[in-house]
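These are the residues of each chain, in order.
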Amino acid sequence: MTMNQPNIEQIQRAVATSLHEHWMMFLIEGIVLVVLGLLAIGLPPIATLAIEILFGWLFLVSGVMGLITTFWMRQAPGFWWALLSAVLGIGAGIVLLAWPLSGVLSLTLVLIVFFAIEGVATIMYALEHKRELSGRWGWMLASGIVDLIVAGVIFAGLPGTAAWAIGILVGINMIFGGSALIAMAMHARALDPRTVAP
């Protein structure tokens, strides 16, 4: 180890100092996320539509950028695959922006597939690690079952669930993320960086 290389204690103290100095920004960000999450849960169709439009713009912009770079580097191997990828991105973006309600249904179907695969994977993981996880494997098993139930409820309610599913789930995610930031900010506010032990 050289003299210029910081040790773990210095790194921990620097992180604690930074958190302590900027706790108010974390608090504000957390509050904003919680408020946006509550709005998304309170108005799920609007939140779902906003997310779908955001995805449409992301696909469109990334497709256009991909098309530009593909033609700029047309001598590189894989030109036709890159061109196909760029055109698909542009096409998906146009479809999502031109027909946002059909895009909401497509995104909801992707969400259903995600929850179903995540649920099965979590259940299999819990069962496979039953011995190593002792008392915790039951919680993982329950989490996987809940994922499958969520996928089933959303699928059973199609097309009606497409209007609210994405908005509700994003809202819940924002509330939990914002709450975590608020808790971290309050802890960082009370933290004295000089007392951080390695």
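Residues numbered from 1 in each chain as written. Predicted model: local features only at pLDDT ≥ 70, side-chain atom pairs only at ≥ 80, totals over all residues. Heavy atoms only, no water.

S.K.: I'd like a description of the packing of aromatic side chains, backed by residues and values.
M.R.: In this structure the tally under the stated criterion is one aromatic pair. Residues Phe 114 and Phe 115 carry aromatic rings whose centres are separated by 5.6 Å and whose planes lie at 65° to one another, so their mutual orientation is edge-to-face. (Phe/Tyr/Trp six-rings, centres within 6.5 Å; stacked < 30°, edge-to-face > 60°.)

S.K.: Describe the packing of helix H3 (residues 44-72) against helix H5 (residues 100-128), and please don't skip the residues or the numbers.
M.R.: Look at H3 against H5: their axes get within 9 Å of each other, and the N-to-C directions meet at 90°. Of the possible angle classes, the one that applies to H3 and H5 is roughly perpendicular. In contact with Thr 48, Leu 49, Glu 52 and Phe 55 of H3, H5 contributes Pro 100, Leu 101, Gly 103, Val 104 and Leu 107. Of the residues in the contact of H3 with H5, the class split is six nonpolar, two polar and one charged. (Axes fitted to C-alpha atoms, helices over the stretch in contact; angles between N-to-C directions. Helix = DSSP H or I, 4+ residues; strand = E, 2+ residues; numbered from the N terminus. Parallel < 35°, antiparallel > 145°, perpendicular 65-115°, else oblique. Contact = heavy atoms within 4.5 Å. Nonpolar A, V, L, I, M, F, W, Y, C, P; charged D, E, K, R; others polar.)

S.K.: Report on the side chain of Thr 70, specifying residues and quantitative values.
M.R.: The residue Thr 70 is located in helix H3 in this model. Each residue touching Thr 70, except ones within four places of it in the same chain, is listed here: Phe 79, Ala 82 and Leu 83.

S.K.: Which residues make up the environment of Val 113, and what are the values?
M.R.: Structurally, the position occupied by Val 113 is in helix H5. Judged by its relative accessible area of 46%, Val 113 is partly exposed. For the pair Val 113 and Gly 171, spaced 58 residues apart in sequence, the C-alpha separation works out to 20 Å. (Buried < 20%, exposed > 50% of the residue type's maximum accessible area, 1.4 Å probe, protein only.)

S.K.: Tell me about the confidence of the model for the chain, and name the residues and values.
M.R.: This prediction gives the chain a mean pLDDT of 81; 90% of its residues lie at or above 70. Here helix H6 (residues 130-133) stands out as the element of the chain with the lowest mean pLDDT, 63, in contrast to helix H2 (residues 23-42), whose mean of 90 is the highest. (pLDDT = per-residue confidence, 0-100.)

S.K.: So what's going on with the nonpolar core? Which residues, and what values?
M.R.: The biggest cluster of nonpolar side chains holds nine residues, and these are Ile 51, Leu 107, Leu 111, Ile 112, Phe 115, Ala 151, Ile 154, Ala 165 and Ile 166. Counting only elements with at least two residues in this core, the list comes to H5, helix H7 (137-156) and helix H8 (165-190). For this core, the leading source of residues is H5, giving four residues. Sequence-distant contacts of Ile 154, defined by excluding residues within four places in its chain, comprise Thr 108, Leu 111, Ile 112, Thr 161, Ala 165 and Leu 169. (Core = buried A, V, L, I, M, F, W, Y, C linked by side-chain atoms within 4.5 Å.)

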